[in-house]
Amino acid sequence: MIHRSVLAKEIIQYLKVEPNKNFIDATFGQGGHTLAILEKTKPNGKVLAIEYDPILYRSFTPSPGLQKRLILINDSYTNLEKIVKDNNFSPVHGILFDLGVSMWHFKKSRRGFSFQKNEILDMRINPYKEKIPAYKIINEYPEQEIEKILREFGEEKFAKRIAKAIVLQRKEKPILTTLELVEIVERTVPRWYRKQRIHCATRVFQALRIAVNNELENIKKGLEQSLKVLFSGSRIAVISFHSLEDRLVKKFFKEKASNNILKIITKKPIVSSREEIITNPASRSAKLRVAELI
Ligand SMILES: C[S@@+](CC[C@H](N)C(=O)[O-])C[C@H]1O[C@@H](n2cnc3c(N)ncnc32)[C@H](O)[C@@H]1O
């Protein structure tokens, strides 16, 4: 497995995963969390797992022993309510959202998620369903629109400068690859910004990925729908990896708590232990929030 599941022990604990209970894994990835849940819900507990990426979805083959307890669907969690109904999946004791993309996307998908590899700037999680790859945004959107994407979805300080540089460059020739974009960012931002711990193109790549996949809107839709399939006492756990996601989850939980729909279980987000960060550095920025349906 290329992706190492984050906060797996904490998920088992906070979702109260026990024998014979049923759970939804809304973001299956390579199945690490699902397999951990299936292990703890033996002998009869089930998992309904959803993965939007058709290639990643196809790459998983359940062992014969799991086939009766795992339903794996290639769809978006924005259709959660329908997926649950279509599969007669009930009762649901808890739902997990492990947001974003997986290590597999950065390392194996060849779709331009990583600024460390030279690939076509695509970034679609589901290339069959999403219509606008990242290179279209970069080559066709107006400068102001690109600036807005970089500012809103990347919180990029130099959004204006970078958008301007992109538009200037594309007049010469289309910008199609990750490294072409990295080169533009590197020569546009100030020297001190290039010298920081995180690479200066990190936020630009994050912003494009969020825009291409409509990620923030999707999270809201998924969370809203999860409320419709849970029952009183069952829980939602959300792992986020950057502040935009975490703020959105926090706001959603707060709003529902003030309407007496949810009880917040984690007043402060749970973060990875030092041991986990040492063995899996990608877990450094993970934040887990949990709430319970009232
Ligand atoms: C951080 S990874 C999950 C890793 C997984 N928990 C594991 O242990 O392997 C997030 C996954 O969610 C998927 N995803 C993103 N948006 C989705 C959506 N709208 N519906 C379903 N899956 C989605 C991504 O393709 C990615 O595989």
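Look up: the structure comes first, before these words.
Only a predicted model underlies this, so the values are computations on that prediction, with no experimental measurement involved. (Residues numbered from 1 in each chain as written. Predicted model: local features only at pLDDT ≥ 70, side-chain atom pairs only at ≥ 80, totals over all residues.)

Undergrad: Pulling in residues and values, what's your account of the packing of helix 8 (residues 159-172) against helix 9 (residues 178-188)?
TA: Taken N-terminus to C-terminus, the directions of helix 8 and helix 9 make an angle of 125°; their axes are 10 Å apart at the nearest point. Relative to helix 9, the element helix 8 is oriented oblique. The handedness of the crossing between helix 8 and helix 9 comes out as right-handed. On the side of helix 8, the interface is formed by Arg161, Ile162, Ala165, Ile166 and Gln169, while helix 9 contributes Ile184, Val185 and Thr188. Here the residues of the contact of helix 8 with helix 9 are counted per class, giving five nonpolar, two polar and one charged. (Axes fitted to C-alpha atoms, helices over the stretch in contact; angles between N-to-C directions. Helix = DSSP H or I, 4+ residues; strand = E, 2+ residues; numbered from the N terminus. Parallel < 35°, antiparallel > 145°, perpendicular 65-115°, else oblique. Left-handed = near helix turned anticlockwise from the far one by under 90°. Contact = placed C-beta atoms within 7 Å. Nonpolar A, V, L, I, M, F, W, Y, C, P; charged D, E, K, R; others polar.)

Undergrad: If you had to explain the site of the ligand to someone new, which residues and values would you point to?
TA: If you check the shell around the ligand, you find 22 residues, and the closest are Ser5, Thr27, Gly29, Gly32 and Tyr52. If you list the elements that add at least two residues to the shell around the ligand, you get helix 2 (32-40) and strand 2 (47-51). Looking at the shell around the ligand, its residues break down into six nonpolar, 13 polar and three charged. (Near = placed C-beta within 6 Å.)

Undergrad: I'd love a proper account of the packing of helix 7 (residues 143-154) against helix 11 (residues 202-213), names of residues and values included.
TA: Following both chains from N to C, one finds helix 7 and helix 11 inclined at 100°, their axes separated by 8 Å at the closest point. On the basis of their axis angle, the class for helix 7 and helix 11 is roughly perpendicular. From helix 7, Ile149, Leu150, Phe153 and Gly154 reach across to helix 11, where they touch Arg203, Val204, Gln206, Ala207, Leu208, Ile210 and Ala211. Partitioned by chemical class, the residues of the contact of helix 7 with helix 11 number eight nonpolar, two polar and one charged.

Undergrad: Mind laying out the environment of Phe89, listing which residues take part and the relevant values?
TA: Assignment of secondary structure puts Phe89 in the loop between helix 4 (80-86) and strand 4 (92-98). The spacing of Phe89 and Phe23 is 66 residues in sequence and 9.2 Å in space, taken between C-alpha atoms. Residues within four places of Phe89 in sequence aside, it is in contact with Asn22, Leu48, Ile71 and Val84.

Undergrad: Quick rundown of helix 2? Include the residues and the values.
TA: Where helix 2 is concerned, the buried positions are His33, Thr34, Leu35, Ile37 and Leu38. Where the residues of helix 2 are buried, they touch helix 1 (8-14), strand 1 (23-25), strand 2, strand 3 (70-74) and strand 4. (Buried ≥ 20, exposed ≤ 12 C-beta atoms within 10 Å, placed from the backbone.)

Undergrad: Residue-level account of helix 13 (residues 243-258), with values.
TA: Taking 1.5 Å of rise per residue, 16 residues should cover 22 Å, and helix 13 covers 22 Å from first to last C-alpha, within 8% of that figure. Elements in contact with the buried residues of helix 13: helix 12 (215-229), strand 5 (230-240), strand 6 (262-264) and strand 8 (287-293). Positive backbone phi, approximately 55°, marks Asn260, located one or two places after helix 13. (Expected span 1.5 Å × (residues − 1).)

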